[in-house]
Amino acid sequence: PGEEAASVELRLRLDALVASFVASFKRAPAFALRVPGRINLIGEHIDYCGYTVLPMALSRDILLVGGANEETEVVRIANENAEFPAAVLHMPSSSSSSS
């Protein structure tokens, strides 16, 4: 029952995110990603030093949907949380940089 309820909740969250994407960008997203949360029970950043880690999954996650646009040097970002306003990033392509 718990796993099924979590699956239904994930589907509802994803459907809401897709609807938000369509409202913001006037088209369906090309992909969807889910990044599960994790915590390291031994400590922070010890894996960078070559030590072992003991990660554990969390019930928190990040959902992301996206797709390409016609503007090759522009990335448009929108967040479901109003605390983080939409942004436009200008990313010059390697062909437009001078040698």
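Just so we're clear, the structure is a prediction, and the values are computed from it rather than from any experiment. (Residues numbered from 1 in each chain as written. Predicted model: local features only at pLDDT ≥ 70, side-chain atom pairs only at ≥ 80, totals over all residues. Heavy atoms only, no water.)

Here we look at the nonpolar core
- By size, the foremost hydrophobic cluster in this structure holds five residues: Leu14, Leu17, Phe21, Leu63 and Val65.
- Counting residues per element, the ones that place at least two in this core are helix 1 (2-25) and strand 2 (55-66).
- Considering each element in turn, this core owes the most residues, three residues, to helix 1.
- In this structure Leu17 touches Leu63, Leu64, Val65 and Glu80, once residues within four positions along its chain are discounted. (Core = buried A, V, L, I, M, F, W, Y, C linked by side-chain atoms within 4.5 Å. Buried < 20%, exposed > 50% of the residue type's maximum accessible area, 1.4 Å probe, protein only. Helix = DSSP H or I, 4+ residues; strand = E, 2+ residues; numbered from the N terminus. Contact = heavy atoms within 4.5 Å.)

Regarding a nonpolar patch on the surface
- A cluster of nonpolar residues, Ile39, Leu41, Ile42, Leu54, Met56 and Leu58, forms a patch on the protein surface that exposes about 520 Å² of accessible area.
- Summarising the element assignment, Leu54 is placed in the loop between strand 1 (31-40) and strand 2. (Patch = residues over 30% accessible without salt bridge, like charges linked within 9 Å, V, L, I, M, F, W, Y side chains within 5 Å. Areas by Shrake-Rupley, 256 points an atom, 1.4 Å probe, with all protein chains shown as cover. Salt bridge = Lys/Arg side-chain N within 4 Å of Asp/Glu carboxyl O.)

Examining the pattern of salt bridges
- The final tally for this structure, using the stated rule, is three salt bridges.
- In this structure, Arg13 and Asp61 form a salt bridge, with 2.7 Å as the shortest nitrogen-oxygen distance. Taken together, the positions of Arg13 in helix 1 and Asp61 in strand 2 put the pair 48 residues apart, joining distant regions of the chain.
- Exposure remark for Arg13: the relative accessible area of 33% places this residue in the partly exposed category.
- The partner of Arg34 in a salt bridge is Asp61, with the nearest N and O atoms 2.8 Å apart. On the criterion of sequence distance, the pair formed by Arg34 in strand 1 and Asp61 in strand 2 is long-range, its members being 27 residues apart.
- On the basis of relative accessible area, Arg34 is assigned to the partly exposed category, the value being 43%.
- A cluster of three or more residues bridged by salt bridges with shared partners is formed by Arg13, Arg34 and Asp61.

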